[in-house]
Amino acid sequence: MTTGEAYELKPYVRDDRDATRLRLITTGLIDPKACLWGVRPCKYLGEQFACPVVILDQSAPASLRKRTERAIRPKILIAGLSKKIEAFLDEAGECIGTVSTFTITHPTDDISRLRLLLDHLLSEEADKQFRLSLGSSLVGGGDFTMKRGFLRELRLPATVTEG
């Protein structure tokens, strides 16, 4: 999500525990293999939320409707700022990542392939690559800034790429 899209989305973000809504996920709600939505409060563009969801209406721009429709599928969501790779599998397609998150989908929504990839992302080998590649991008609090290029260039074992 671009910064512009994030600001465009803000009027449609509400606090609501309703599980049928599209859950808004910030970097701070992502832990290794865990989504902390509804467990940990988060800030989104200066506002505090306990259970942020996206509720679009007819006034929502077509680009936002398209983005939210694309989010409703299995995916891995990755934190963009962290001390190590933090990611979880959204099997049900009930979440949408915000700015500073990354989304990985599979062309045929193969959940078993996404699980293999998630396991690799959270492995020691991937963590080593993460630190070597992004060590120079540490921000003030000691977090790394994830880069799209790192994800594209991450070496994957055959177990992830075969099939």
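Look above for the structure.
Since the structure is predicted, the reported quantities are computational estimates derived from the model, not experimental observations.

(A) Up close: the sheet that holds strand S12 (residues 101-104). Spatially, S10-S8-S12 is the arrangement adopted by the three strands of the open sheet, whose pairing is antiparallel. The outermost strands of the open sheet, each flanked by one partner alone, are strand S10 (87-90) and S12. Across the sheet, the axes of successive neighbouring strands diverge by a mean angle of 25°, strand direction being ignored. Relative to S12, strand S8 (residues 75-79) runs antiparallel, the two being bridged by four bridges. Within the sheet, the bridge partner assigned to Ile-78 lies in S12 and is Phe-102.

(B) Broad picture of the pattern of salt bridges. Inspection of the entire model under this criterion finds nine salt bridges. Glu-47 is paired through a salt bridge with Lys-10; the nearest N and O atoms lie 3.7 Å apart. Of the two residues, Glu-47 sits in strand S6 (residues 47-49) while Lys-10 sits in the loop between helix H1 (3-9) and strand S1 (13-15), which places them 37 residues apart along the sequence. Classification of Glu-47 by relative accessible area gives partly exposed; the value is 37%. For Lys-10, a relative accessible area of 25% corresponds to the partly exposed category. Ionic pairing is found between Lys-33 and Asp-119, a salt bridge with its closest N-O pair at 2.7 Å. One end of the pair, Lys-33, is in the loop between strand S3 (30-31) and strand S4 (34-35); the other, Asp-119, is in helix H3 (residues 111-121), and 86 residues separate them in sequence. Here Lys-33 falls in the exposed class, since its relative accessible area comes to 54%. A relative accessible area of 38% places Asp-119 in the partly exposed class.

(C) A look at the nonpolar core. Within the largest apolar cluster, 26 residues are counted, with the highest numbers of intra-cluster contacts made by Leu-9, Leu-24, Ile-25, Tyr-44 and Ile-96. Sorting elements by how many residues they give to this core places strand S2 (residues 22-25) first, with three residues. When near neighbours in sequence (up to four residues on either side) are disregarded, Leu-9 contacts Met-1, Leu-24, Tyr-44, Val-54, Leu-56 and Leu-64.

(D) How the structure looks around H3. Those residues of H3 not exposed but buried are Arg-113, Leu-114, Leu-117, Leu-118, His-120 and Leu-121. For H3, the buried positions fall inside an angular range of 160° around the axis, keeping them on one side.

(E) Up close: the state of the cysteines. A complete count under the given rule lists zero disulfides for this structure. Free of any disulfide, Cys-42 has its nearest cysteine sulfur in Cys-51, 9.0 Å distant. Free of any disulfide, Cys-95 has its nearest cysteine sulfur in Cys-35, 4.5 Å distant. Look at Cys-95 and you get buried, because its relative accessible area is 2%.

Cut-offs and rules
Residues numbered from 1 in each chain as written. Predicted model: local features only at pLDDT ≥ 70, side-chain atom pairs only at ≥ 80, totals over all residues. Heavy atoms only, no water. Pairing = 2+ DSSP bridges. Helix = DSSP H or I, 4+ residues; strand = E, 2+ residues; numbered from the N terminus. Axes fitted to C-alpha atoms, helices over the stretch in contact; angles between N-to-C directions. Salt bridge = Lys/Arg side-chain N within 4 Å of Asp/Glu carboxyl O. Buried < 20%, exposed > 50% of the residue type's maximum accessible area, 1.4 Å probe, protein only. Core = buried A, V, L, I, M, F, W, Y, C linked by side-chain atoms within 4.5 Å. Contact = heavy atoms within 4.5 Å. Arc of directions from axis to C-beta. Disulfide = S-S within 2.5 Å.

Read these as spatial facts, not as claims about activity.
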